[in-house]
Amino acid sequence: MSKTAVSTENAPKPPAKFSQAVRKGNLLQVAGQVAFDPATNEIVGDDVAGQTRQTFKNIEAVLKEAGSSLADAIMVRVYLTDTAHFAPFNEVYNELIGEGPHAARTTVYVGLPGELLVEIDVLCVLD
């Protein structure tokens with residue numbers, strides 16, 4: 001069973017040698033997405049809520065290219081730069097995540113480059 005890279009112009013290009021997502025069999029791993037506008041490569045949003053919205057747009061673009069959606073997610077990993085961002089992130093997350101059942105989610109606090117406040121990666125199982 002081979003791995004297949006997923007790539008779309010509707011999400012930012014990865015800064016290193018990896019794919020926006022990789023599919024093997026019915027597993028799809030979306031690489032960590034951030035709040036870059038795919039057309040300008042500039043950060044969208046000056047707070048965690050705005051950046052979360054753009055990050056989800058990027059995730060949804062990659063999922064769509066793979067023939068998937070957040071409904072296929074079984075694991076979501078969220079990387080935040082500040083514990084104070086947890087509540088505003090959750091407000092946007094709960095608005096955007098869609099109908100349940102919801103995927104398992106882990107939140108980790110890390111340093112991210114530049115003015116980035118959030119990064120999210122997603123693991124999906126496809127039918």
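Scroll up a little and you will see the structure.
Residues numbered from 1 in each chain as written. Predicted model: local features only at pLDDT ≥ 70, side-chain atom pairs only at ≥ 80, totals over all residues. Heavy atoms only, no water.

### A short note on the overall build of the protein
Line of reasoning, step 1. Per the secondary structure count, the protein includes two helices and six strands.
Line of reasoning, step 2. When the helices and strands of the protein are read in sequence order from the N terminus, they spell out β-β-β-α-β-α-β-β.
Line of reasoning, step 3. Taking 14 Å as the expected radius of gyration for a compact globule of 127 residues, we find that the protein reaches 14 Å, a close match to that expectation.
Line of reasoning, step 4. Principal-axis analysis of the C-alpha atoms gives the protein an extent of 40 × 35 × 20 Å.
Line of reasoning, step 5. Evaluated residue by residue, the protein yields a buried proportion of 38% over its 127 residues.
Line of reasoning, step 6. The long-range fraction of contacts in the protein, counting pairs at least 24 apart against all pairs at least 6 apart in sequence, stands at 68%.
Line of reasoning, step 7. Carbon and sulfur atoms form 52% of the exposed surface of the protein, whose accessible area is close to 7000 Å². (Helix = DSSP H or I, 4+ residues; strand = E, 2+ residues; numbered from the N terminus. Rg over C-alpha atoms; globule rule 2.2 N^0.38 Å. Buried < 20%, exposed > 50% of the residue type's maximum accessible area, 1.4 Å probe, protein only. Contact = heavy atoms within 4.5 Å. Areas by Shrake-Rupley, 256 points an atom, 1.4 Å probe, with all protein chains shown as cover.)

### Observations regarding the environment of T8
Line of reasoning, step 1. Residue position: T8 is located in the loop between β1 (3-6) and β2 (21-24).
Line of reasoning, step 2. For T8, a relative accessible area of 6% gives the class buried.
Line of reasoning, step 3. Look past the residues within four positions of T8 in its chain and what remains in contact with it is Q20, A61, V62 and E65.
Line of reasoning, step 4. A distance of 3.1 Å separates a polar atom in the side chain of T8 from the backbone nitrogen of N10. (Polar contact = N/O pair within 3.5 Å; in protein donor to acceptor, adjacent residues only side chain to side chain.)

### Considerations on the sheet that holds β2
Line of reasoning, step 1. Strand order in the open sheet formed by six strands is β1-β2-β3-β6-β4-β5, with mixed pairing between adjacent strands. Each end of this open sheet is capped by a strand with a single partner; those strands are β1 and β5 (104-109). Going across the sheet, the axis of each strand differs from the next one's by a mean of 15°, ignoring polarity.
Line of reasoning, step 2. Of the pairings in the sheet, the one linking β2 to strand β3 (residues 27-33) comprises four bridges and is antiparallel in character. By the bridge assignment for β3, A21 is matched with V30.
Line of reasoning, step 3. Contacts from helix α1 (residues 48-65) reach β1, β2, β3, β4 (73-80) and β6 (118-125) within the one sheet, and its direction differs from that of β6 by about 30°.
Line of reasoning, step 4. Its contacts with the sheet place helix α2 (residues 86-96) against β4, β5 and β6, and it is angled at close to 150° to β5. (Pairing = 2+ DSSP bridges. Axes fitted to C-alpha atoms, helices over the stretch in contact; angles between N-to-C directions.)

### Looking at the packing of aromatic side chains
Line of reasoning, step 1. Going through the model one piece at a time under the given rule, you end up with two aromatic pairs.
Line of reasoning, step 2. Taking 5.5 Å as the distance between ring centres and 35° as the angle between the ring planes, the aromatic pair formed by F89 and Y93 counts as tilted. Residue F89 and its partner Y93 are both found in helix α2; the two are separated by four residues, about one turn of the helix.
Line of reasoning, step 3. A residue is classified by how much of its surface remains accessible, and F89, at 0% relative accessible area, is buried.
Line of reasoning, step 4. Of the aromatic side chains, those joined through ring pairs into one cluster are F56, F89 and Y93.
Line of reasoning, step 5. Over the face of the ring belonging to Y93 we find R105, whose NZ or CZ atom lies 4.4 Å from the ring centre. (Phe/Tyr/Trp six-rings, centres within 6.5 Å; stacked < 30°, edge-to-face > 60°. Lys NZ or Arg CZ within 6 Å of the ring centre and 35° of its normal.)

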